[in-house]
There are 2 protein chains.
Amino acid sequence: MSERVVVVGADAAGMAAASQARRLKGPGELEIVAFERGHFTSYSACGIPYWVGGDVAGPDALIARTAAEHRARDIDLRMRNEVVEIDVAGQRVRSRDLESGNESWTGYDKLVLATGATPIRPDLPGIDADGVHGVQTLDDGQALIDTLESNPGRRAVVVGAGYIGVEMAEALINRGFQVTMINRGAEPMSTLDPDMGVLIRKAMQGMGIQIVGNAELTAVRTDERGRVTAVATTDAEYPADVVVLGIGVRPATDLARAAGLPLGASGGLLTDLAMRVRGHENIWAGGDCVEVLDLVSGTERHIPLGTHANKHGQIIGSGVGGDYATFPGVVGTAVSKVCDLEVARTGLRERDARAVGLQFVTVTIESTSRSGYFPGTTPMTVKMLAERRTGRLLGVQIVGREGAGKRIDIAAVALTARLTVDQIVALDLGYAPPFSPVWDPVQVAARKAVTAVRRDATGG
Amino acid sequence: MSERVVVVGADAAGMAAASQARRLKGPGELEIVAFERGHFTSYSACGIPYWVGGDVAGPDALIARTAAEHRARDIDLRMRNEVVEIDVAGQRVRSRDLESGNESWTGYDKLVLATGATPIRPDLPGIDADGVHGVQTLDDGQALIDTLESNPGRRAVVVGAGYIGVEMAEALINRGFQVTMINRGAEPMSTLDPDMGVLIRKAMQGMGIQIVGNAELTAVRTDERGRVTAVATTDAEYPADVVVLGIGVRPATDLARAAGLPLGASGGLLTDLAMRVRGHENIWAGGDCVEVLDLVSGTERHIPLGTHANKHGQIIGSGVGGDYATFPGVVGTAVSKVCDLEVARTGLRERDARAVGLQFVTVTIESTSRSGYFPGTTPMTVKMLAERRTGRLLGVQIVGREGAGKRIDIAAVALTARLTVDQIVALDLGYAPPFSPVWDPVQVAARKAVTAVRRDATGG
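Just so it is clear, the model here is predicted, and its values are computed rather than measured.

(A) Spotlight on the side chain of B:Thr333. Inspection of the secondary structure puts B:Thr333 in the loop between helix H8 (306-320) and strand S21 (334-338). Separated by 2.6 Å, the side chain of B:Thr333 and the backbone oxygen of A:Asp428 make a polar contact. A distance of 2.8 Å separates polar atoms of two side chains, one belonging to B:Thr333 and the other to B:Thr346. The residues touching B:Thr333, leaving out its near neighbours within four places in the chain, are A:Asp428, A:Leu429, A:Gly430, B:Leu305, B:Arg345, B:Thr346, B:Ile408, B:Asp409 and B:Ala412.

(B) Spatial organisation of the domain arrangement of chain A. Residues and elements named next belong to chain A. By the assigned domains, chain A splits into domain 1 (3-116 + 250-320), domain 2 (121-247) and domain 3 (334-457). Taken over C-alpha atoms, the centre of domain 2 sits 31 Å from the centre of domain 3. Each partner contributes to the interface: domain 2 provides 16 residues, whereas domain 3 provides 19 residues. Approximately 1500 Å² of surface area, both sides summed, lies buried where domain 2 meets domain 3, with 63% of it carried by carbon and sulfur atoms. In terms of surface lost to domain 3, no three residues of domain 2 exceed Tyr163, Asp193 and Met196, which account for 36% of the buried area on that side. Summed over the shared surface of domain 2 and domain 3, the result is two salt bridges. Counting the contacts that link domain 2 with domain 3 gives eight residue pairs in polar contact (both at pLDDT 80 or more). Elements supplying a minimum of two residues to the side of domain 2 that touches domain 3: helix H5 (163-174) and helix H6 (194-206). Sort the elements by how many residues they give to the side of domain 2 that touches domain 3 and H6 lands first, with six residues.

(C) Structural context of the pairing of strand S6 (residues 103-107) of chain B. Residue and element names in this part refer to chain B. Bridge analysis of strand S5 (residues 92-97) against S6 gives five bridges, and the strand direction is antiparallel. Looking across to S6, one finds that Arg92 is bridged to Gly107. Turn length for the S5-S6 hairpin, with the two strands adjacent in sequence and antiparallel, is five residues, and the turn residue Gly101 shows positive phi of about 85°.

(D) Seen up close, the UniProt feature "domain: FAD/NAD(P)-binding" (unreviewed entry) in chain A. According to UniProt, the feature "domain: FAD/NAD(P)-binding" (unreviewed entry) maps to residues 4-301 of chain A in the numbering used here. What you have in residues 4-301 of chain A is 22% helix and 30% strand, and the ends, taken at the C-alpha atoms, are 31 Å apart.

(E) Looking closely at the interface of chain A and chain B. The partner chain B presents 59 residues to the 60 residues of chain A that form the contact. Across the chain A to chain B interface the summed buried area is about 4800 Å²; carbon plus sulfur atoms make up 66%. The three residues of chain A that bury the most area against chain B are A:Tyr373, A:Asp428 and A:Phe435, which together make up 16% of that side's buried surface. For the pair chain A and chain B, the number of links is four salt bridges. Residues B:Asp440 and A:Lys406 are paired through a salt bridge, measuring 2.6 Å at the closest nitrogen-oxygen approach. For the pair chain A and chain B, the interface holds 23 residue pairs in polar contact (both at pLDDT 80 or more). Per-element accounting of the side of chain A that touches chain B gives the leading share, seven residues, to helix H10 (residues 408-416) of chain A. Here the side of chain A that touches chain B is built from residues that sort into 30 nonpolar, 16 polar and 14 charged.

(F) Geometry of the sheet that holds strand S5 (residues 92-97) of chain A. Residue and element names in this part refer to chain A. One open sheet accounts for three strands, arranged S4-S5-S6; its pairing is antiparallel. Only two strands of the sheet have a single neighbouring strand rather than two, namely strand S4 (81-87) and strand S6 (103-107). Shown here is a sheet whose adjacent strand axes are inclined to one another by a mean of 30°, direction ignored.

(G) A look at the pairing of strand S1 (residues 3-8) of chain A. Residues and elements named next belong to chain A. Inspection of the sheet shows S1 paired to strand S2 (residues 30-36) by six bridges, in the parallel sense. Bridge pairing links Val5 to Ile32 in S2. Handedness of the S1-helix H1 (residues 12-24)-S2 crossover: right-handed.

(H) Looking closely at the packing of aromatic side chains. Taken as a whole and assessed by the stated rule, the structure comprises two aromatic pairs over all chains. Here A:Tyr50 and B:Phe374 contribute two aromatic rings whose centre-to-centre distance is 4.8 Å and whose plane-to-plane angle is 85°, an arrangement assigned as edge-to-face. Of this pair, A:Tyr50 sits in helix H2 (residues 48-53) while B:Phe374 is found in the loop between strand S23 (360-368) and strand S24 (379-387), placing the two residues in two different chains. Look at B:Phe374 and you get buried, because its relative accessible area is 8%. One residue, B:Arg154, lies across the ring of B:Phe177, its end atom 4.0 Å from the ring centre.

Rules of the game
Residues numbered from 1 in each chain as written. Chains lettered and ligands numbered in written order. Predicted model: local features only at pLDDT ≥ 70, side-chain atom pairs only at ≥ 80, totals over all residues. Heavy atoms only, no water. Helix = DSSP H or I, 4+ residues; strand = E, 2+ residues; numbered from the N terminus. Polar contact = N/O pair within 3.5 Å; in protein donor to acceptor, adjacent residues only side chain to side chain. Contact = heavy atoms within 4.5 Å. Domains from an automatic or database assignment. Buried area = accessible area lost by both parts, 1.4 Å probe. Salt bridge = Lys/Arg side-chain N within 4 Å of Asp/Glu carboxyl O. Pairing = 2+ DSSP bridges. UniProt positions renumbered as here; feature names shortened; annotations may be inferred. Nonpolar A, V, L, I, M, F, W, Y, C, P; charged D, E, K, R; others polar. Axes fitted to C-alpha atoms, helices over the stretch in contact; angles between N-to-C directions. Right-handed = clockwise from strand over helix to strand, strands pointing away. Phe/Tyr/Trp six-rings, centres within 6.5 Å; stacked < 30°, edge-to-face > 60°. Buried < 20%, exposed > 50% of the residue type's maximum accessible area, 1.4 Å probe, protein only. Lys NZ or Arg CZ within 6 Å of the ring centre and 35° of its normal.

Shown next as structure tokens:
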């Protein structure tokens, strides 16, 4: 009477699901077969920029659990095996052994899709040249490091100014490269409003990173051996010995699409609260291949992030194992380190709020990480959006130094609980001179937002 | 038609109230008279240990706003003037000029009591000896520093192991004293459960601080000139050239008591949500002289803390100025630095929960401040209490190093919003390798608490 679950993709979501299911059901009750086309399992993709930058010894340190460890827990893990077709009606998947090329069908009672995301590679001349790298997988990271260590010239171009682009630009500067970052927008980190992004740009420029804004990649130039020599944009060309693509990722859902599974506007799989693919009681999906519900805007979004993938896996594993858990959604929290800055955001940017019909006031304040008189205190900028009339918190963006980043969690919990800015002013947050001014910077922003909401309401 | 408000006490609560009232009403509408018996206004008492320890240049750096600055805003601030009687029926206060000894009556339309707290000085032989110091006011801090700089011997005894005692022990070690800490309880920092307090004791012992637990002060020994030579406890005597009392404080409400105003079990003034003294529409009170509503236990407690005092002042000033604001209560958040540890707590300890009839499960976990592979990651211990059956969060205690302390804010907001541990597991908190493991330590504790609540419910 044993059931079989097939897991497609053996990174965070897939293997967290497998592990949780195994915790709930032993091998006599549940057979677990997992397919992974790459060389690695359960790794921290978020750690790749730090590996490249030399802060972390990779790739082993980035692997949370090895294939052998998974197998020791009675998970039939098939590495370098790519699932190439899902037969939903027949409840089976077709896989290809990437070493031998052999293909075979494997039947399932339950299916878990954790196929992750694929870096966006615009279809441009030269984009597949030697020396052009994505940084999505450990395999990608290794390939990039191999290139860097092969002593190419010292000129690096990073295309894209999101988290990965910014982190990679810093990693490459740390390795002694001259770095140019090509950014489609005016300011880096479009997950922030531009008036906060400008703070990031200035910090990066202060580190010697050249930033080209409002520029679109049009081609990669190569030499006669097919190696990259420059990147071309709408305006100019930039010499390059190595190119890192950090343009973003899209859900890796070609398989799911071919199988007729429901996809959202971003191409991510659509699931219910228990992370089951909509309309399919025995198929779950999680991690970077799904869309998640944004609790603030009420819309579905694609937010590839390891922390969500791990939660999804946990919930999927509970469901597969016959237990019960749900994923309520996200508020859009993200934090990162850029040069000496800590950068964090949660909730909606101005454009997000407008896009869903929310009207709002915004305030921006300057405060400090510790009491003003305490040694080591550093400046912190907090931007806050609050809904008109109701004063409900809609979003927070923070740029500062030590102690700035994780302050975003105050706002993340407040968004989840749908607190108003008045309620945030009243919060009983940790205060002592080495940790915070007597009003936490988030509350300084909330106080100003309270005034702004009132002024707006009274037309004053 | 001008009204007069009299403010008694010109520290955080009193002067925040005066400033906010002045913002709302100009001097033509509202006369503000503030009495202060000390030499300083609006200062950070929390900064005194850092001043004593040499981290902060005091006392000027600790003063947020000077008497002159307040006067420039049309506040009639009378320094070194002590209010010695409140005539509630006559709506007037009697004050004494501490320089001249002259007394006079001042009438009021509105009264703000911000008399603060008084260090507890047990009535023991020798307690008033030279070299025995409290550290409640800047005047106290200056007196202690004068003693330390007068080159007494190098043996210091700190009586009490709460925040102030622990911070003072560290400050004195940093000044090169041999430090003995006399603690009534078994472990320092009784604001934590003893199983967490032990971590503090070990860190302090590691710094060379001698800790005497389960010891009650019985006397202070003096020489023929009346200078301290030792402290005696129930068990033993400890030689001392300087003694710091950090036994705690009690609300400074002798005046209020004599005037017949309502006091709670701790001796703190009882107020309504608008911080008006109960039963008195034209008397407000805030800061260290009042009791506050603990939102988790539903009881009133005395929690002297600058962050509450500032909020109270803000709310009182709004009320006095004819605007509207309320103080909903606290959840009991506190954070401090002890040696190289960051220590934080919010909500209820085990004994607090039991005292109000709450039944609960507790879990304690070990996690890390950053991704396990990230440089600079440090261990962190999180203890969590959740209510039986409902799983509602009741309290969190954290001991760790960098990045541990302010994580308590996650729990502080969750307590305010009455989240369950299941809801905490699902929170969208900031994640990136330099800031957190993929599951934040608070969520690691919440996951274990979810399991404990379920196990308890099923008797498993």
